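This is what each chain is made of:
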Amino acid sequence: MSTPNLRIRSGHPDFLDLPWEKSLTEWDHPRRLHLPKGISRHEVRFFGYDTGVYAVKEISARTALHEFEILRRLEEIEAPSVVPVGVVERPWIDENDEQSGAVITEYLRHAFSYRELLSGPGFGGRRNQMLDAFALLLVELHLLGCYWGDCSLSNVLYHYDADQIAVTMVDAETAELVPRLSKGRREDDLAIMVENVAGGMADIAASRDLDLDHADLALGEDIADRYRNLWVELTHDEVIPVDERFRINERILRINDLGFEVEDLHLTAEDGGHRLRIGVTVGGRTFHQHRLRALTGVEASDEQSRQILNDLSHYRANREELSPEIAAIRWRAEQFEPMMASLRSLGDLRTVDPVQAYCDFLHHRYLLSAGLGRDVPNDEAFEQWVEEGQPGYPI
Ligand SMILES: Nc1ncnc2c1ncn2[C@@H]1O[C@H](COP(=O)(O)OP(=O)(O)O)[C@@H](O)[C@H]1O
Ligand SMILES: [Mg+2]
């Protein structure tokens, strides 16, 4: 009997209705959804259930187990990677055979591939954001001790994140987690990325019938430069006069401003006690996310959280008599939830991702207020937003 071994995390379907006895390439299943996807070595297909949409990737059982475990650990440390749901083994096939296993992940909603991003008319203006976001993902993974081994344009997915673009890791087959990544391994990872990105750009040129001279083969180098600048900004040691300790706070604020948590400060006296060397251990990019969650219970990405926290500060500015906790509860009840309900009721493109829609709305309200030179209340801004009828997504 060809019965598979399935290990599925709780809260998800058992996936036993899928025809595991056959290869994924032969599945013609009513649950199958035809959704766009990037270039892949392995067969990846999407299936819809009541609990959500899932991606099934067929790979060797050995690699499947490794990828599942790594993605679980990445989730635990809140790395920006797809969420693993299950791992499947077909015990009647050798575990190294490419069809002996599968990994199931939660389908990453509202995402798009770099091909869509590059071909969108807004790419010129968004180019910097996209490259920064890509570099930021690699910095974050490295800070968390993750060596990727196959960082490329098609192993990530992009999505709008407040007014930025965020990047999520989708392919962790080759990834490893260590307590601390050495400089050598980080450089190896960067070299792989540079080569992969050049390959991706060459593919794009070929698919548009352009010759290689027109391919942006240096794009990976550009990302690597951005990575190195960020890495230095986040991790360098600073030496300060002992009576300028306010600089420690400034440094922490700068790191937090990039969204990263400061886990430890290392202070060493130098120069006979006249100077201090400050080193920092930087954690994940969850600073605003954790703050927003702790204050209001609202779940959003770090960049979205930053923008929503600004909205909360704006709300508090006229209500100084309220404690931060009470203000947060009232803001949620009086501002956030009603606006989320209004946004959902629009039932158009803007409501696909309500938290993102809320951020787009905040941006709209800000532009309106700046234009009119006065604070525009939510109701008025919303009315105008509905009239405009533009999707919130700028590409
Ligand atoms: N959880 C997911 N959500 C959305 N898309 C996904 C997901 N997993 C995979 N994909 C899509 O499938 C493509 C291939 O997945 P990947 O893990 O890179 O497989 P491969 O090992 O074949 O390269 C990705 O580029 C992405 O477009
Ligand atoms: Mg891949």
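Owing to the predicted nature of the structure, the values given are computational and were not obtained by experimental measurement.

(A) Region of the structure containing the nonpolar core. If you look at the biggest cluster of nonpolar residues, it comprises 65 residues, and the most contacted ones within it are L137, V156 and Y158. When residues in this core are grouped by element, the largest group, ten residues, is from helix 3 (residues 123-143). In this structure Y158 touches A111, F112, Y114, L117, M130, I165 and V167, once residues within four positions along its chain are discounted. Membership of the second largest hydrophobic core comes to 20 residues, among which are M339, L343, A357 and Y358.

(B) The arrangement of the packing of helix 9 (residues 324-346) against helix 10 (residues 354-372) in detail. Two numbers describe how helix 9 lies on helix 10: the axes approach to 10 Å, and their chain directions differ by 105 degrees. Regarding the angle of helix 9 to helix 10, the classification is roughly perpendicular. Between helix 9 and helix 10, the contacting residues are M339, M340, L343 and R344 on the first element and P354, A357, Y358 and F361 on the second. Within the contact of helix 9 with helix 10, the residues separate by chemical class into seven nonpolar, no polar and one charged.

(C) Geometry of the site of ligand 1. Surveying the vicinity of ligand 1 reveals 20 residues, the closest of which are K37, G38, S40, H42 and D171. Where the shell around ligand 1 is concerned, the elements lending two or more residues are strand 4 (52-59) and strand 6 (101-106). Residue composition of the shell around ligand 1, by class: seven nonpolar, seven polar and six charged. Two domains each provide a minimum of three residues to the shell around ligand 1, namely domain 1 (5-106) and domain 2 (114-233).

(D) Fine view of the sheet that holds strand 6. A sheet is described by the order of its strands in space; here six strands give the open sequence 1-5-6-4-3-2, paired in antiparallel fashion. Both edges of this open sheet fall to strand 1 (5-8) and strand 2 (32-33), since each of them pairs with a single strand only. Pairing of strand 2 with strand 3 (residues 44-49) involves two bridges; the strand directions are antiparallel. Residue pairing across strands places R32 opposite F47, the latter belonging to strand 3.

(E) Local environment of the pairing of strand 8 (residues 156-161). Among the six residues in strand 8, five count as buried, and that is most of the element. Pairing of strand 8 with strand 9 (residues 164-169), which is carried by six bridges, proceeds in the antiparallel orientation. Looking across to strand 9, one finds that Y160 is bridged to I165. As consecutive antiparallel partners, strand 8 and strand 9 are separated by two residues, and within that stretch A162 has a phi angle of approximately 50 degrees, a positive value.

Conventions we followed
- Residues numbered from 1 in each chain as written.
- Chains lettered and ligands numbered in written order.
- Predicted model: local features only at pLDDT ≥ 70, side-chain atom pairs only at ≥ 80, totals over all residues.
- Core = buried A, V, L, I, M, F, W, Y, C linked by C-beta atoms within 7 Å.
- Buried ≥ 20, exposed ≤ 12 C-beta atoms within 10 Å, placed from the backbone.
- Helix = DSSP H or I, 4+ residues; strand = E, 2+ residues; numbered from the N terminus.
- Contact = placed C-beta atoms within 7 Å.
- Axes fitted to C-alpha atoms, helices over the stretch in contact; angles between N-to-C directions.
- Parallel < 35°, antiparallel > 145°, perpendicular 65-115°, else oblique.
- Nonpolar A, V, L, I, M, F, W, Y, C, P; charged D, E, K, R; others polar.
- Near = placed C-beta within 6 Å.
- Domains from an automatic or database assignment.
- Pairing = 2+ DSSP bridges.

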